[in-house]
Amino acid sequence: EVRLVESGGGLVQAGGSLRLSCVVSGITLDDYSIGWLRQAPGKEREGVSCLHEGRIFSADSVKGRFTISSDNAKKTVYLQMNSLNAEDTAVYYCAAFMTALGEGGGTWSFPWKYEYWGQGTQVTVSS
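The residue numbers shown here count from 1 along each chain, following its written sequence. Reporting in this predicted model follows two pLDDT cut-offs: at least 70 for local features of residues, and 80 or more for side-chain atom pairs to be given and counted; totals over whole chains, interfaces and linings ignore these cut-offs and use all residues. Side-chain metrics in this entry use all non-hydrogen atoms of the structure; hydrogen atoms and water are not considered.

Colleague: How do you make sense of the overall build of the protein chain when you look at a structure like this?
Modeller: Helix and strand assignments come from DSSP, with helices taken as H or I runs of at least 4 residues and strands as E runs of at least 2, each series counted from the N terminus. Each helix and strand counted, the protein chain has zero helices and eleven strands in total. Listing every helix and strand of the protein chain by position from the N terminus yields β-β-β-β-β-β-β-β-β-β-β. Its C-alpha atoms give the protein chain principal-axis dimensions of roughly 40 × 25 × 25 Å. Only protein chains enter the accessibility calculation, which uses a 1.4 Å probe; a residue is then buried when its area is under 20% of its type maximum, exposed when over 50%, and partly exposed in between. When the 127 residues of the protein chain are sorted by exposure, 46% land in the buried category. Within the protein chain, contacts between residues at least 6 apart in sequence are counted, and of these 64% link residues at least 24 apart. All accessible areas in this document rest on Shrake-Rupley with a 1.4 Å probe, and a residue is counted as covered only by the protein chains that are shown. If you sum the accessible surface of the protein chain, you get close to 6,400 Å²; carbon and sulfur atoms cover 48% of it. Charged-residue counts in this description rest on Lys and Arg as positive and Asp and Glu as negative, His and the chain ends being excluded. We put the charge of a Lys on NZ, of an Arg on CZ, of an Asp on CG and of a Glu on CD. Charge centroids of the protein chain, computed over 11 positive and 13 negative side chains, lie 4 Å from each other. Two residues qualify as a contact provided that any one of their heavy atoms is within 4.5 Å of a heavy atom in the partner residue.

Colleague: Where do I start with the layout of surface pockets in this structure?
Modeller: A water-sized probe rolled over the atoms picks out the places where empty space is left. Detection works on a 1 Å grid of protein atoms alone, calling trapped sets that fit a 1.4 Å probe cavities and calling open sets with protein on both sides within 12 Å along at least five of seven lines pockets, with lining residues defined by an atom within 4 Å of a point. Grid points are joined across faces, edges and corners, and a volume is the space filled by probe spheres set on the points. Considered as a void within the structure, the largest pocket measures approximately 180 Å³ in volume. Surrounding the largest pocket, 13 residues form its lining, Leu-29, Tyr-32, Leu-51, Glu-53 and Gly-54 being those nearest its centre. Listing elements by their share of the lining of the largest pocket, those giving two or more residues are strand E4 (32-39) and strand E5 (46-52). If you tally residues by element for the lining of the largest pocket, the top one is E4, at three residues. Grouping the constituent residues of the lining of the largest pocket by class yields five nonpolar, six polar and two charged. Side-chain classes follow a simple rule in which Ala, Val, Leu, Ile, Met, Phe, Trp, Tyr, Cys and Pro form the nonpolar group, Asp, Glu, Lys and Arg form the charged group, and the remainder, Gly included, forms the polar group.

Colleague: Is there a simple way to explain the packing of aromatic side chains in this structure?
Modeller: Each aromatic ring pair is specified by the distance between its two centres and by the angle formed by the two planes. Only Phe, Tyr and Trp rings are paired, with Trp represented by its six-membered ring, and only when their centres lie within 6.5 Å; those with planes under 30 degrees apart are stacked, over 60 edge-to-face, the remainder tilted. By the definition in use, this model includes six aromatic pairs. Look at Phe-110 and Trp-112: their rings are 5.6 Å apart centre to centre, the planes differ by 20°, and that puts the pair in the stacked class. A relative accessible area of 59% means that Trp-112 is categorised as exposed. One aromatic cluster is present, built from ring pairs that chain together Tyr-93, Phe-97, Tyr-114 and Trp-117. Placement of a charge over a ring requires the Lys NZ or Arg CZ to be within 6 Å of the ring centre, with the centre-to-atom vector within 35 degrees of the ring normal. Sitting over the face of the ring of Tyr-93, Arg-45 holds its NZ or CZ atom 4.1 Å from the ring centroid.

Colleague: Is there a simple way to think about the state of the cysteines in this case?
Modeller: The bond known as a disulfide is covalent and runs between the sulfur atoms of two cysteines. By disulfide we mean two sulfur atoms from cysteines, separated by a distance within 2.5 Å. Summed over all chains, the structure comprises one disulfide. Here Cys-22 pairs with Cys-94 through a disulfide, and the sulfurs are 2.1 Å apart. Taking the torsion about the S-S bond as the criterion, the Cys-22 to Cys-94 disulfide, at about 65°, is right-handed. One end of the pair, Cys-22, is in strand E3 (residues 18-25); the other, Cys-94, is in strand E9 (residues 90-98), and 72 residues separate them in sequence. Under the relative-accessibility criterion, Cys-22 is labelled buried at 0%. Counting only cysteine sulfurs, Cys-94 is the nearest neighbor of Cys-50, a cysteine outside any disulfide, at a range of 11 Å.

Here it is, written out as structure tokens:
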């Protein structure tokens, strides 16, 4: 069974930091690329960052503030979030797509790209 389990969300003040974790099972990080996506209330789901073929892809809105990384031994992908602001409030999901179908990374930010999804973790940034 493929499972992606997020954790680490919570309530944080503006300017603060959180680290999200995504524990992966049933797939390997060699064969699958992992992304973080988020959905704010009343808004469409959007890509935040992705690890694909050893490269990092990130939305302009989080560059310089969020960092994606992986620990293959722990089968875990992280999203370190710094300098959080109210616009970062959302449910954050980790998700996976087959690396061989990555299309050069040009489609990493689209939710339809991802085959497997975690349950989501709420991040709330107080203003």
